Amino acid sequence: MRRVLSGIAAVLTLVAVAVSPAAAAANPYQRGPDPTLASVAAPYGPFATAQAKVPPGNGFNGGYLYHPADTTLGTWGAVAIVPGYSALFADEEAWMGPRLASFGFVVIGIETNSRTDSADARATQLLAALDYLTQRSPVRTRVDGSRLGVIGHSAGGAGALLAALRRPSLKSVVGLAPGSPVGNLDLAGDRVPTMFIAGQRDPVVTPAYLEKLWVTLPAALKKAYVQIAGADHLFATRPNTVEMRTLVPWLKLALDQDTRYGKFLCPTVADATGISMYRVTCPL
């Protein structure tokens, strides 16, 4: 049933794009129908998806690929996702793969070489995953190598931030309760649009820690900080509507330059339900 509904949604998407040639010409990355509050919070977006397993090698311990099944709309922006310390992507973040892909992104979720890998090692593996995705993966021809981002949870979030410092050509970095690597993490050199999503009641990556990290970001950087009301450290390890209804618009803006999604984040969140604190620099 899910596949059938996704297929219908994909057809409707093609119709919606076809009747808006001016918008498509102005932004070749704009895909799908005009978004609404309901659509960005939906369990799945307008595109049918496919997925495949990635074997170990290529600098990381394998993982999973998720991508829109449609091959007629050109290339897509892409993100690599890494889990936190001692965690497996398959156990904790895999729910994000098909969900993000259904909104029009190629996603690679990776397993780390060791479950105890440091944040620095996770950064290295995230960048290796993006290189694999764009150069050697079976979907490499569907990925726009100029529109890439990284996402990580906890130690993986710290790894994502370190990856952004190493590769400023990235278009987005999202730290989900991003932890601290060995030593203090200073983001003064960050040139990549940066989003924090965190839990109000996280005892591991506390609001106080993230406050100190946030103020190291450059003032002029495009950035947003979402704090989920009542959430603990594990909010990203299970389906979370508040996370996704802010993450999807962020990625649409950062990777696709799709300004239709700006209204959900600027000048403030369009739906503040479940959000205890929000900061943003606009325009995004």
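Residues numbered from 1 in each chain as written. Predicted model: local features only at pLDDT ≥ 70, side-chain atom pairs only at ≥ 80, totals over all residues. Heavy atoms only, no water.

In the annotation of an unreviewed UniProt entry, the chain is listed under the name Dienelactone hydrolase and assigned to Amycolatopsis tolypomycina. Recorded under Sequence similarities (unreviewed entry), the UniProt text for the chain is reproduced unchanged: "Belongs to the AB hydrolase superfamily." (UniProt positions renumbered as here; feature names shortened; annotations may be inferred.)

Visitor: Is there a simple way to think about the packing of aromatic side chains in this case?
Guide: Any pair of aromatic rings gets described here by the distance separating the centres and the angle formed by the planes. One pass over the structure, following the stated rule, counts eight aromatic pairs. Ring centres 5.2 Å apart and planes at 80 degrees place the aromatic pair Phe47 and Trp76 in the edge-to-face group. Separated by 29 residues along the polypeptide, Phe47 in the loop between helix H3 (37-40) and strand S1 (49-54) and Trp76 in strand S3 (residues 76-82) bring together distant segments of the chain. This pair shows no difference in class: Phe47 is buried, exactly as Trp76 is. Ring geometry for Tyr261 against Phe264: centres 6.0 Å apart, planes inclined by 55 degrees, an arrangement best described as tilted. Side by side, Tyr261 and Phe264 carry an identical accessibility label, which is buried. (Phe/Tyr/Trp six-rings, centres within 6.5 Å; stacked < 30°, edge-to-face > 60°. Helix = DSSP H or I, 4+ residues; strand = E, 2+ residues; numbered from the N terminus. Buried < 20%, exposed > 50% of the residue type's maximum accessible area, 1.4 Å probe, protein only.)

Visitor: I keep staring at unusual backbone geometry and nothing clicks. Help me out?
Guide: The bulk of non-glycine residues show a negative phi, and the bulk of peptide bonds are trans. Each neighbour pair has its own omega, and for Cys266 with Pro267 the value is 0 degrees, a cis peptide bond. Here Pro267 lies in the loop between helix H9 (241-256) and strand S9 (275-280). For the bond running from Cys282 to Pro283, omega is 0 degrees, close enough to zero to count as cis. As for its position among the elements, Pro283 is in the segment after S9. Phi is positive for Asn58, close to 65 degrees, though the residue is something other than glycine. Turning to its location among the elements, Asn58 is positioned in the loop between S1 and strand S2 (63-68).

Visitor: Please clarify how the packing of helix H6 (residues 119-135) against helix H7 (residues 155-166) should be interpreted in this entry.
Guide: Think of two packed helices as two axes; the pair is described by the angle between the axes and how far apart they sit. Orientation of H6 relative to H7, taken along the N-to-C sense of each, is 60 degrees, at an axis distance of 7 Å. The orientation of H6 with respect to H7, classified from their angle, is oblique. Of the two possible hands of crossing, H6 and H7 adopt the one that is right-handed. Between H6, through Ala119, Asp120, Arg122, Ala123, Thr124, Leu126 and Leu127, and H7, the contact on the second element is made entirely by Ala155, Gly156, Ala158, Gly159, Ala160, Leu162, Ala163 and Arg166. Partitioning the contact of H6 with H7 into residue classes produces nine nonpolar, three polar and three charged. (Axes fitted to C-alpha atoms, helices over the stretch in contact; angles between N-to-C directions. Parallel < 35°, antiparallel > 145°, perpendicular 65-115°, else oblique. Left-handed = near helix turned anticlockwise from the far one by under 90°. Contact = heavy atoms within 4.5 Å. Nonpolar A, V, L, I, M, F, W, Y, C, P; charged D, E, K, R; others polar.)

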